[in-house]
Amino acid sequence: MSPSLRVRGLDVELSGRRVVVDVGFAVAAGESLAIVGPSGSGKSTLLAVLAGLRSPDRGEVELVADGPTALVLQGHGLVGLLTAAENVELALRARGVRGGALTERSAEALTAVGLAPLADRLVGDLSGGQQQRVGVARALVSAPTVLLADEPTSELDGATRDAVLGRLLEVPERGGLLVVATHDPAVAARCSRSLRLVDGRVEAP
């Protein structure tokens with residue numbers, strides 16, 4: 001079964017304020033959707049609901065995945081006392097990968113985001129942009145069919161951003177789907193289509 005994502009009538013309230021208001025959309029296999037909008041528009045909250053990190057107050061999220069689902073967190077979500085390689089390996093260990101395959105696949109993922117020379121460096125000693133790339137490598141290492149990414153390129157320079165985005169877009173290119181929250185027009189331009197949030201609502205195109 002091909003992966004798909006359908007959102008209907010989604011409402012989320014925080015501290016008595018509706019931060020996501022009656023949002024609905026669908027993403028099919030092979031598509032990449034950019035969720036754009038100003039700071040505070042509800043992008044990160046929406047991504048958290050799509051990822052199952054919080055429940056909506058109303059509405060529903062229907063996610064069909066024929067393979068792994070991966071998430072790139074805006075705050076990276078890394079373990080500072082582990083190396084870059086060990087952080088990437090965590091995603092594989094959770095899926096039962098052991099032995100030489102663990103090391104090999106982690107190395108491939110870090111190479112894909114240009115961090116092979118820093119594989120043995122503690123992530124607490126890496127820059128923000130380098131940590132961001134470790135987070136992307138950790139998401140990609142399991143070859144997900146669904147990838148949800150919250151501002152995955154916000155701390156990267158132009159050339160590195162383009163290279164990392166190219167890796168993220170490989171997910172829909174091989175038949176998966178990608179949803180990325182971003183404030184960067186260059187990122188949105190490379191996605192199949194965009195959905196703009198303003199004050200938690202989908203703005204009409």
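As the structure is a prediction and not an experimental result, all values here were calculated from the model.

### What about the overall build of the chain?
When you go through the chain residue by residue, the secondary structure sums to seven helices and nine strands. Here the chain has a C-alpha radius of gyration of 17 Å; the compact-globule value for 205 residues is 17 Å, and the two agree. If you line up the chain on its principal axes, its C-alpha atoms span 45 × 35 × 30 Å. A buried classification covers 48% of the 205 residues belonging to the chain. Within the chain, residue pairs in contact and separated by at least 24 positions form 72% of the contacts whose partners lie at least 6 positions apart. On the chain, roughly 9,300 Å² of surface is accessible, and the fraction owed to carbon and sulfur atoms is 48%. Distance between charge centroids for the chain: 2 Å, based on 21 positive and 24 negative side chains.

### Overview of the sheet that holds strand S1 (residues 4–14)
Spatially, three strands are ordered S2-S1-S4 in an open sheet, and the strand pairing comes out antiparallel. Every other strand in the sheet has two partners, leaving strand S2 (17–28) and strand S4 (58–64) as the edge strands with one partner each. This sheet shows a mean twist of 15° between the axes of neighbouring strands, independent of strand direction. As paired strands, S1 and S4 are joined by six bridges and run antiparallel to one another. Within the sheet, the bridge partner assigned to Asp 11 lies in S4 and is Arg 58. Against the sheet, helix H1 (residues 43–50) touches S1, S2 and S4, its axis set at about 125° to S1.

### Notes on the side chain of Asp 184
Mapped onto the elements of the fold, Asp 184 is located in the loop between strand S7 (177–181) and helix H7 (185–189). Judged by its relative accessible area of 15%, Asp 184 falls in the buried class. Reaching out from Asp 184, the side chain makes a polar contact with the side chain of Arg 161 at a distance of 3.1 Å.

### Some thoughts on helix H5 (residues 158–168)
Considered for burial, the residues of H5 that qualify are Thr 160, Arg 161, Val 164, Leu 165, Gly 166 and Leu 168. Each element contacted by the buried residues of H5 is listed here: helix H4 (128–140), strand S6 (146–150), helix H6 (170–173), S7 and H7. A side-chain oxygen of the first residue of H5 lies 3.2 Å from the backbone nitrogen of Ala 159; this N-cap is Asp 157.

### Details of the nonpolar core
Membership of the largest hydrophobic core comes to 39 residues, with the highest contact counts inside it found for Val 88, Leu 110, Val 134, Val 136, Leu 147 and Leu 168. If we skip the residues at most four places from it in the chain, Val 134 touches Leu 78, Ala 84, Asn 87, Val 88, Leu 110, Leu 115, Val 123 and Leu 126. The next biggest cluster of nonpolar side chains, apart from the first, holds 22 residues, and it includes Leu 10, Val 23, Val 49 and Ala 181.

Conventions we followed
Residues numbered from 1 in each chain as written. Predicted model: local features only at pLDDT ≥ 70, side-chain atom pairs only at ≥ 80, totals over all residues. Heavy atoms only, no water. Helix = DSSP H or I, 4+ residues; strand = E, 2+ residues; numbered from the N terminus. Rg over C-alpha atoms; globule rule 2.2 N^0.38 Å. Buried < 20%, exposed > 50% of the residue type's maximum accessible area, 1.4 Å probe, protein only. Contact = heavy atoms within 4.5 Å. Areas by Shrake-Rupley, 256 points an atom, 1.4 Å probe, with all protein chains shown as cover. Lys, Arg positive; Asp, Glu negative; His and termini not counted. Charge placed at Lys NZ, Arg CZ, Asp CG, Glu CD. Pairing = 2+ DSSP bridges. Axes fitted to C-alpha atoms, helices over the stretch in contact; angles between N-to-C directions. Polar contact = N/O pair within 3.5 Å; in protein donor to acceptor, adjacent residues only side chain to side chain. Core = buried A, V, L, I, M, F, W, Y, C linked by side-chain atoms within 4.5 Å.

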